[in-house]
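Residue-level listing of the chains:
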Amino acid sequence: MHRTLGIDLGTTNSVMAWIKDGEPEVIATAPEESGTPSVLGLSGDGTLLVGREALNWLERDASRVIATVKRLMGRQFKDPKVRQAVLRMGQGGPEITEGPDGGILIRLGDHDYTPVQISAIILRRLKRDAEERLGTEFTRAVITAPAYFGERQIAATREAGRLAGFHVVRVLMEPTSAALAHGLGRAHDADQATVLVYDLGGGTFDVSILTLMPGFVDVLGVGGDNLLGGTDFDGSLADHLQGLLNERSPGHEPLPGDASKIRKAAEHAKIRLSAASSTEVIVSPLGESGAVLSETVDRKHFENLIAERIEETVDLTRRTVTEASLLPEDINQVLLVGGSSAIPLVAERLAELFGREKLRTDVDPMTCVALGAAVQSALVDTLDCPDCRATCPLDADTCSDCATPLVGTPTVECPACHVPAPENTGSCPVCASDLSALSAQRPAPPAPSVCGECGEENGPDAMECDLCGARLRDSGGLKCPSCAFVNQPGLAWCSLCNAELPVAAPSDVTPRPIGIRTSNGSLVVLVEAGTRYPTEQPIRHDFQLTANPGDMLEIALHEGDLQPAERNDLCGVSMYELPEGSTGTKALTIAVHLDGDRSIRLETRLDGSSFTPAVFRRNPLPPEFRRRARETHGRFQTFLADWRHELTPAESAVLAETATALEQVVRGEAPGRSLDTLLEDADVLLERQQSVRWATALAYRYPHHVAELMPDEDLEAMLRHRSALKSMREAADFDRGHKIAEEVLSIRRRLGEDLYKVMSALAFASHNGVNAALQQRIQQTGDMLTEAARQGDLARVDAAKSRITDLYADMRREQAEFRAPERRTVRPEKPAR
Ligand code: ADP
Ligand code: MG
């Protein structure tokens, strides 16, 4: 049975939990530390530092340490939230720049990293720590994300998990997770409960109001301030301590590291003050003189320092309640979540607002989100195949329909840039370092187990005793509240006593509407905000489509509610080649299905015939990238359509492979390699293919039509190149073909424009490429020219050449008038009612 890790991937701290003996348990990675700081750094010699180590390195060299990367996940560089977050990171930190795709790049040492890659490195470290600690392999994960995360942030989170080597079973909303950890949302809680989750963390404050009903969670409102949290309180206390030091040691000359020493001491004192009414702070040596800071801070004083900020959180809480059209009385329970909500003033103020009896402080606020993720891992009863969306049993390794893995891919760490890559990858997708010699580390396989009931020796993978059926291994299911039997995951009823289990695996709701862009650019919403998913039935909408032969249908999916559609986040684009005869106005139906992992499946039917369904995996690919991919894909399609009959099988195969990869990107799927390289390679491939094609045409036409007018050595070279190009095209060797093509083009230049025009006119006339009268005139002049050249009559040669050049101009004019219509893109229209 594959085990699933519950991960709270926090802004300041990440916490892991799993189900042990039927109950959620935090996996501590260091004594007295329930979480790992979500911080990554590189030491002076390039060693990767994660967590506490990275945080300590911050004092040494802040330019090589990145914290609070969660604020940048799935966002574009130009997003105002990114600017705020970067300002907040302060000076001296790593350089943060705009990536070629409009995304974000973080410079650490010699490499640029995306927020997804940074998070993937952190997640991979968490995975390794948990596996080392417990000797159990975690191939799957439930990862939590804030309620306000949009599709792109969720997708970025999922992608980071995938890169780290997990099959991400769910991306669960943090407040939902907190509710699960508090045992809310059980199937037998018949009545609905309205729960307010107050989550005050290290750098963010989130408040969410949920309605929990058996089996699902509805979000009534979210609010907060994503730049307010525990670090502000550390700052206030540190400033106060610094003031005292300056007062007591006049003329004190500080040293560079002093401020962070005081800040660290302030954070520790703050945490102690949540449990004690006063505490000692001692920091030394400080400054040139080696001064000692020694103060007693009492809770009352500390709370005065931060009272204003706590009041802000209370105001935001009140506002969120009002905006959800509720009164404080309507809230049944208030969950205190996030490390900073342990500050007693928080509970005091919330008790005044809601009544003390409603506050739930029984689950550790630092770990409750992770615990909920673990609970969720025990509730998931089936897996959705990430590729074909088939529903698969939990114990499957791969999808029975399409063989896509349903467990994470073992990863190796690139020795140069530290980004994880799947085992057996030849070179690092980020920095191209050689990875071929690396193999993934896995925990030792379980030993054979002797049954505690009957003494039978069972195989290493046996879950139950072969002889007496007793349970041998924990498979990650929940304990029955009635008989304490530990069940398999995903069960609704205890398999021993038949009692109901706390199994209400909650469905989440979409935070924002999802719609498509129509022919006039406006957004038409397909899925309203607050729609519960997975959807039981596809959501259908009727459109119509007006098309001409050869048009392409574009369905662009956006998340948001702004007009026009382009102002919203782009989730993905699907392009369809319209079938023959789809001219005029036809009925178009679009059906949307939202899966449990927040993928969108789109089924499109035009006048009764369906297109291949598109799955928008909502990965973090930024719109700019998709636009580029779409353009390149369009050029590939045109090229393939124009030259379909002339390509060699090898050429078709190479082009089709790249076209498929581009199509995946256009749909919003990750291509499994660097996007930049994919797009660049595709451009180069098309360019080379075009030049090879063009050179082949020239190398045939010159010798065929104007051999007599060419110097012998050029004619021979053309013939030689012609056969070389043929064999290179058969092998799809575009690199060498491209070099030969260059030579062909240089011969063409050397032979001059006039001869080129003569050759083109003759070539077109021989293919019936022009009208009959013109064709006849060109051919007659061509015969004259050949004749004159044979006789060596230069004057007549020149006369015939200039005549054909004129005819060439006529031919071009005619061709321009009859140019084939360009492929147009059409979009759905709202039918007239
Ligand atoms: P995030 O969700 O942003 O990662 P956490 O929920 O892990 O944040 O909270 C981290 C913050 O909580 C830090 O600022 C830390 O100093 C603070 N914190 C942790 N424990 C306590 C405590 N007992 N009292 C007050 N603050 C605490
Ligand atoms: Mg948190």
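Residue numbers run consecutively from 1 along every chain, following the written order of its sequence. As a convention, the first chain written is A and the first ligand written is 1, with the rest following in written order. Selection of residues for local features in this predicted model requires a pLDDT of at least 70, selection of side-chain atom pairs for listing and counting requires 80 or more, and totals for whole chains, interfaces and linings are taken over all residues. Side-chain descriptors were evaluated using all non-hydrogen atoms of the structure, hydrogens and water having been removed beforehand.

In the annotation of an unreviewed UniProt entry, the entry for the protein reads Chaperone protein DnaK, and the organism field reads Streptomyces griseorubiginosus. According to its UniProt record, the protein has this under Sequence similarities (unreviewed entry): "Belongs to the heat shock protein 70 family." UniProt positions are given in the numbering used here, feature names are shortened, and annotations may be inferred rather than shown by experiment.

Participant: So what exactly am I meant to see when it comes to the site of ligand 1 here?
Facilitator: Each residue is tested against the molecule or strand, and it is near if at least one of its non-hydrogen atoms lies within 4 Å. Of all residues adjacent to ligand 1, which total 18 residues, the nearest are Thr12, Asn13, Glu267, Lys270 and Ser274. Here a polar contact is recorded for every N or O atom pair within 3.5 Å, except that within protein the pair must consist of a potential hydrogen donor and a potential acceptor, and residues adjacent in sequence are included only if both atoms are side-chain atoms. Side-chain polar atom of Lys270 to an oxygen atom of ligand 1: 2.7 Å apart, as the coordinates give it. Contact distances for ligand 1 include 2.6 Å between a nitrogen atom and a side-chain N or O atom of Ser274. Surface exposure here means Shrake-Rupley accessible area, sampled with a 1.4 Å probe, where a residue is shielded only by the protein chains that are shown. In isolation ligand 1 exposes 580 Å². Once the protein is present, 89% of that is buried. The secondary structure listing takes helices from DSSP runs of H or I that are at least 4 residues long and strands from runs of E that are at least 2 residues long, numbered from the N terminus. Ranked by residue count, the leading element in the shell around ligand 1 is helix H7 (residues 258-273), at three residues. Class assignment for the residues of the shell around ligand 1 results in four nonpolar, twelve polar and two charged. The residue classification treats Ala, Val, Leu, Ile, Met, Phe, Trp, Tyr, Cys and Pro as nonpolar and Asp, Glu, Lys and Arg as charged. All others, Gly included, are polar.

Participant: Can you help me understand the packing of helix H14 (residues 712-730) against helix H15 (residues 734-751) in this one?
Facilitator: What describes two packed helices is the angle between their axes and the distance between those same axes. Under this scheme, a helix contributes an axis fitted over its contacting stretch, all axes are lines through C-alpha atoms, and angles between N-to-C directions fall in the 0 to 180 degree range. Contact pair H14 / H15: the axes reach a minimum separation of 10 Å and the direction vectors enclose 155°. Our classification of the angle between H14 and H15 gives roughly antiparallel. Like other packed secondary-structure pairs, H14 and H15 cross with a definite hand, here left-handed. Where H14 abuts H15, its residues Asp714, Ala717, Met718, His721, Ala724, Leu725 and Met728 lie against Arg736, Gly737, Ile740, Ala741, Glu743, Val744, Ile747, Arg750 and Leu751. Across the contact of H14 with H15, the residue classes break down as ten nonpolar, two polar and four charged. Each angle gets one of four labels, with under 35 degrees taken as roughly parallel, over 145 as roughly antiparallel, 65 to 115 as roughly perpendicular, and the rest as oblique. The sense of a crossing depends on the near helix, which, turned anticlockwise from the far helix by less than a right angle, makes the crossing left-handed and, turned clockwise, makes it right-handed. Should any heavy atoms of two residues lie within 4.5 Å, those residues are counted as being in contact.

Participant: Can you walk me through the packing of aromatic side chains in this structure?
Facilitator: Geometry of an aromatic ring pair is reported as the spacing of the ring centres plus the angle between the planes. Any two rings among Phe, Tyr and Trp, with Trp reduced to its six-membered ring, count as a pair given centres within 6.5 Å; such a pair is stacked if its planes are under 30 degrees apart, edge-to-face if over 60, and tilted if neither. Enumeration over the complete set of coordinates arrives at four aromatic pairs. Ring centres 5.9 Å apart and planes at 80° place the aromatic pair Trp18 and Phe138 in the edge-to-face group. One end of the pair, Trp18, is in strand E2 (residues 13-20); the other, Phe138, is in strand E11 (residues 138-145), and 120 residues separate them in sequence. Of the two residues, Trp18 and Phe138, both sit in the buried class. Measuring from centroid to centroid gives 5.8 Å for Tyr148 and Phe149, while their planes differ by 75°, and the two rings are edge-to-face. Sitting over a ring, as applied to charges here, requires NZ of Lys or CZ of Arg to be within 6 Å of the ring centre and within 35 degrees of the ring normal. Taking the ring centre of Phe166 as reference, the NZ or CZ of Lys127 above it sits at 5.7 Å. The aromatic ring of Tyr756 is capped on one face by Arg748, whose charged end is 3.9 Å from the ring centroid. Partly exposed describes any residue whose relative accessible area lies between the buried limit of under 20% and the exposed limit of over 50%, with all areas from a 1.4 Å probe on protein chains only and scaled to the type maximum.

Participant: Explanation requested: the sheet that holds strand E10 (residues 111-113) in the structure shown.
Facilitator: Only when DSSP finds a minimum of two bridges between them are two strands counted as paired. Taken in spatial order, the three strands of this open sheet run E8-E9-E10, and their pairing is antiparallel. With partners counted over all chains shown, the strands left at the sheet margins are strand E8 (96-98) and E10, one partner each. Mean inter-strand twist for the sheet, computed between neighbouring axes without regard to direction, equals 40°. Bridging between strand E9 (residues 104-108) and E10 involves three bridges; their strand directions are antiparallel. The residue of E10 that forms the bridge with Ile106 is Tyr113.

Participant: Would you explain empty space enclosed by the protein in this entry?
Facilitator: Computed over the protein atoms alone on a 1 Å grid, cavities are sets of points where a 1.4 Å probe fits but cannot get out and pockets are open sets with protein on both sides within 12 Å along at least five of seven lines; a residue lines them when it has an atom within 4 Å of a point. Grid points are joined across faces, edges and corners, and a volume is the space filled by probe spheres set on the points. Applying the stated criterion across every chain, the model contains five cavities of 30 Å³ or more. There is about 120 Å³ of room inside the largest cavity. Lining of the largest cavity is provided by 13 residues; of these, His2, Thr4, Ser377, Ser475 and Pro489 occupy positions nearest its centre. At the level of secondary structure, the elements contributing two or more residues to the lining of the second largest cavity comprise helix H5 (174-181), strand E13 (193-200), strand E14 (205-213) and strand E15 (216-225). Grouping the amino acids of the lining of the second largest cavity by side-chain chemistry returns seven nonpolar, two polar and three charged.

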